[in-house]
Amino acid sequence: MNRGLALVALCALAACAKTVAPGTAPSSSGPIGYLRIDDVIKHHPLYSQLAQYDQNIDALSLGGTVPHAVAGAEVKKQQAQIAKELQDAANRTRALLDQKQKQYQFREAQAIRQALKAGGVSAPGAGAVATQVTQTAGVQSAEASRGAQRDFAIYQKSLATQNESELSAMQRTITDKANRTYRAEQDRLQAKEAALTLDLANKDAAERLALKTKLSSLALDDTARQDARAKLDALDRSEADAVGAMRNRDTQTLAALQTQLRAQVQADMKAQAATINSRALAKLQNRESDLRRQFAAPAMQSTALTAAKPAAAQNLPPALRDRIAHLHADYQKQFTADAQATIDDFQKTRLDLSRRYAALGGADAAAGGDARDQIASLQRKRDELYDQMVEQIKREATTMAHERGLSVVVSNPVAEIRGVDLTDDVAKDVETLHE
Amino acid sequence: MNKYRFPIIAASALAVLISAPAALAADVTDIGFVDQEALSALPSFASANRQLSEYGQTLNRQFTARAKGASQAQQQKLQQQFQSEMQQKQQQLFGPLLSKAQVAIASVASSKNLSVIIDKRIVVAGGVDITSNVRDLLTSPSDPVPPVATPPPSSVGYVDQSAIDNVPKIKTAEQDFATFRQSEDRSAQDKMKAAKTQSDRDAVLKDYRKALDDEGTKVVKPVLDETRGAIADAAKKKGLSLVLDRSMIIFGGTDITSDVTGSIK
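Positions within a chain are numbered from 1, following the residues in the order the chain's sequence is written. Throughout, the order in which chains and ligands are written sets their labels, letters from A for the former and numbers from 1 for the latter. Per-residue local features are limited, in this predicted model, to residues with pLDDT of at least 70; the limit for side-chain atom pairs, both in listing and counting, is 80 or more; totals at the level of whole chains, interfaces and linings are taken over all residues.

1. Things to note about the overall build of chain B
Okay, so step 1: Secondary structure elements follow DSSP: runs of H or I no shorter than four residues count as helices, runs of E no shorter than two count as strands, and numbering proceeds from the N terminus. Across its full length, chain B holds nine helices and nine strands.
Okay, so step 2: Each of the 265 residues in chain B was classed as buried or not, and the buried ones make up 36%.
Okay, so step 3: Any two residues are considered in contact once their C-beta atoms, placed from the backbone, lie within 7 Å. Of the contacts formed within chain B by residues at least 6 apart in sequence, a portion of 85% connects residues at least 24 apart. Burial is judged by counting the other C-beta atoms within 10 Å of a residue's own C-beta: 20 or more makes it buried, 12 or fewer makes it exposed, and any count in between marks it as partly exposed, with every C-beta position built from the backbone.

Here it is, written out as structure tokens:
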């Protein structure tokens, strides 16, 4: 009892049942017949198109998940690269701020020393200290310059890697898009061809059946038989010609589309590559000019150490003390402004990197979505074609069941012991359906 | 899609089975069928469906709110609880309707001397359509009267696919094949990634399909053959003409599942 309930429930809940109306009872009493529909379907003239759908779905599932998986892997790689770049940028900014601080300290000390000299105040051992400071400043300046050059080289390298990766991802995206366009058109044309084939077969079905019935009559004389055969042949030719003509047109359409897509891919890739390269070049130039600006400042001169300033300032005349305080405030202000510019640069870089990070995620999701949508669409078309083919097979089987006096014909039994197997005969009929 | 993706019995139906000439075929007059889709569209079922759907939406909102911030284990527990509550509601709404439908089907089958009622979806031609009779009974104000006699012995048998799938030998074969397919999927995906031209991709796909077919022939086919043999033997012993999958039988029929599972263990 429960199995019936379960099944009704299943259909009631999911409204899942897709039925194909069985034919009217051919005979109230008679042998049982059966049909293995999935065997017959392999003989259907449209089977190659059904198989093509299956193949495309498989290809897209593999290829579709592949670009998705590849995109995922690629995105992760790029995200890691961006994270590293961000870390590098932060490190560089810190180092730069440190260098700037030292640079401003030296310049301030130099200015104070000059102010002291001008005020007639000489610090103890000022000459010796100045020499030492000059040497230290030179060493530090050279080190800072080397460090900056190293940073620049690293930046240049990471930019090149990122550039390559971006180019490769872009190339894949453009190619995938073109492939999808081509496949979609191919599917559309296939569906159109299948529809025409079915339409022609349905249109001629009655006439074909009448001719076949006529031909199977033993009483038919030779002339009438020849005539019927000729008409049947003419029907076959007419259908084949119509489908053939459409196929030729479709082949040309696809060839033209392929040429167009190839040209488009080339043009798109060229344009995108130019954009990516020019963007990378601009970044590099910016960084280089920053570097030049930072280290093109006058060579640092030896001066009194800033640390000595407060002690010295205690015994200075008020005017000189004010002058020194003013100098200190001035350099402090300059340093703050310069440091702020460096920090702003870093913030811009961080923002740019964050945007790219977000864009990567979005691109990944879109790529995956495209493939899934296309698989779903193909599956729908495939199912529609399958249903149409099954309808046709069932019509043929119903005619045959009438002719053979079968009481009932079922499809796809698990096992058949004493029934009439219609599979091969229906397969033969279906094979000649569109000949 | 690959044929081995379908359940074993479904796949076995595709293969060549024991066939008999028409002369040996027994006359059958007692097979009826029902269009379950038409029955499920009856107002009583549609209303129950609507109520279940509304209940599901409300319950879903409640559980989604409760799942927020819950651990994975708690979320799993909540999911089980959700399913259990949905099943209870389903039983509450559909139980009486389905019992009534089952009595109506049995009653019509009995009055028409039908030994088995199958799903319309597998009927290609012929058979006795009892859908309208059942519908009349279900829409009448009074409850249908259960038949006095049990259904007559039927020449149509059935097997429970899920029970057969659980036979260790078959389960192992299916799992082995599933594992193989997963590995092939990954490998084919890698190759697709490396493929540069369309012909490269076609070749990858061809190899992929061949590998699955070969493995299916090696791992699944022997088990399928054995299952088919067991079903045919059991059917012959019970004098059956035809064996269908259990999901296609609505009423009556002879269950030979245990005979089959017993012989292939």
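2. What to know about unusual backbone geometry
Okay, so step 1: We note that N412(A) has phi near 45 degrees; this positive angle belongs to a residue other than glycine.
Okay, so step 2: One can find N412(A) in the loop between β2 (408-411) and β3 (415-416).
Okay, so step 3: Note on N412(A): 20 C-beta atoms within 10 Å, which makes it buried.
Okay, so step 4: Even without being a glycine, N113(B) presents a positive backbone phi close to 55 degrees.
Okay, so step 5: Secondary-structure assignment places N113(B) in the loop between α4 (72-111) and β3 (116-119).

3. Notes on the packing of helix α3 (residues 43-67) of chain B against α4(B)
Residue and element names in this part refer to chain B.
Okay, so step 1: Only the contacting stretch of a helix is used when fitting its axis, a line to C-alpha atoms as for every element, and angles between N-to-C directions run 0 to 180 degrees. Interaxial distance between α3 and α4 falls to 10 Å at its minimum, and their mutual angle equals 165 degrees. Taken as axis vectors, α3 and α4 run roughly antiparallel relative to one another. Along this stretch, α3 crosses α4, giving a crossing that reads as right-handed. Seen from α3, the contacting residues are S44, F45, A48, Q51, L52, Y55, G56, L59, F63, R66 and A67; seen from α4, they are Q75, L78, F82, E85, M86, K89, Q90, L93, F94 and L97.
Okay, so step 2: Following the grouping adopted for this structure description, the nonpolar residues are Ala, Val, Leu, Ile, Met, Phe, Trp, Tyr, Cys and Pro, the charged ones are Asp, Glu, Lys and Arg, and the polar ones are all others, Gly among them. Split by residue class, the contact of α3 with α4 holds 13 nonpolar, five polar and three charged. Any angle that falls under 35 degrees is termed roughly parallel, while one over 145 is termed roughly antiparallel, one within 65 to 115 roughly perpendicular, and all others oblique. Helix crossings fall into two classes, left-handed where the near helix is turned counterclockwise from the far one by less than a right angle and right-handed where it is turned clockwise.

4. Description of the environment of G126(B)
Okay, so step 1: You can see G126(B) is positioned in strand β4 (residues 123-126).
Okay, so step 2: Separated by 95 residues in the primary sequence, G126(B) and I31(B) have C-alpha atoms spaced 9.0 Å apart.

5. Notes on the sheet that holds strand β5 (residues 128-129) of chain B
Residue and element names in this part refer to chain B.
Okay, so step 1: By this definition, two strands are paired if DSSP reports at least two bridges between them. Sheet architecture is open: four strands sit in the order β5-β2-β3-β8, paired in mixed fashion. Strand pairing shows two members of the sheet lacking a second neighbour, β5 and β8 (249-252), which therefore form its edges.
Okay, so step 2: Where strand β2 (residues 31-34) and β5 come together, two bridges link them in parallel fashion. The residue of β5 that forms the bridge with G32 is V128.
Okay, so step 3: Relative to the sheet, α4 contacts β2, β3 and β8, its axis offset from that of β8 by approximately 60 degrees.

6. As for α4(B)
All names here are of chain B.
Okay, so step 1: Each helix should span, by expectation, one fewer than its residue count multiplied by 1.5 Å. Between the first and last C-alpha of α4 there are 55 Å, a value that for 40 residues agrees with the 58 Å anticipated at 1.5 Å per step.
Okay, so step 2: A residue's bend is the angle separating two fitted axes: one through the seven residues that end there, the other through the seven that start there. Helix geometry: α4 is bent most strongly at F94, by close to 45 degrees, with proline P96 lying one to four residues after it.
Okay, so step 3: Among the residues of α4, L93, F94, L97, L98, A101, Q102, A104, I105, A106, V108, A109 and S110 are the ones counted as buried.
Okay, so step 4: Where α4 terminates, the next one or two residues include N113, which has phi positive at roughly 55 degrees.

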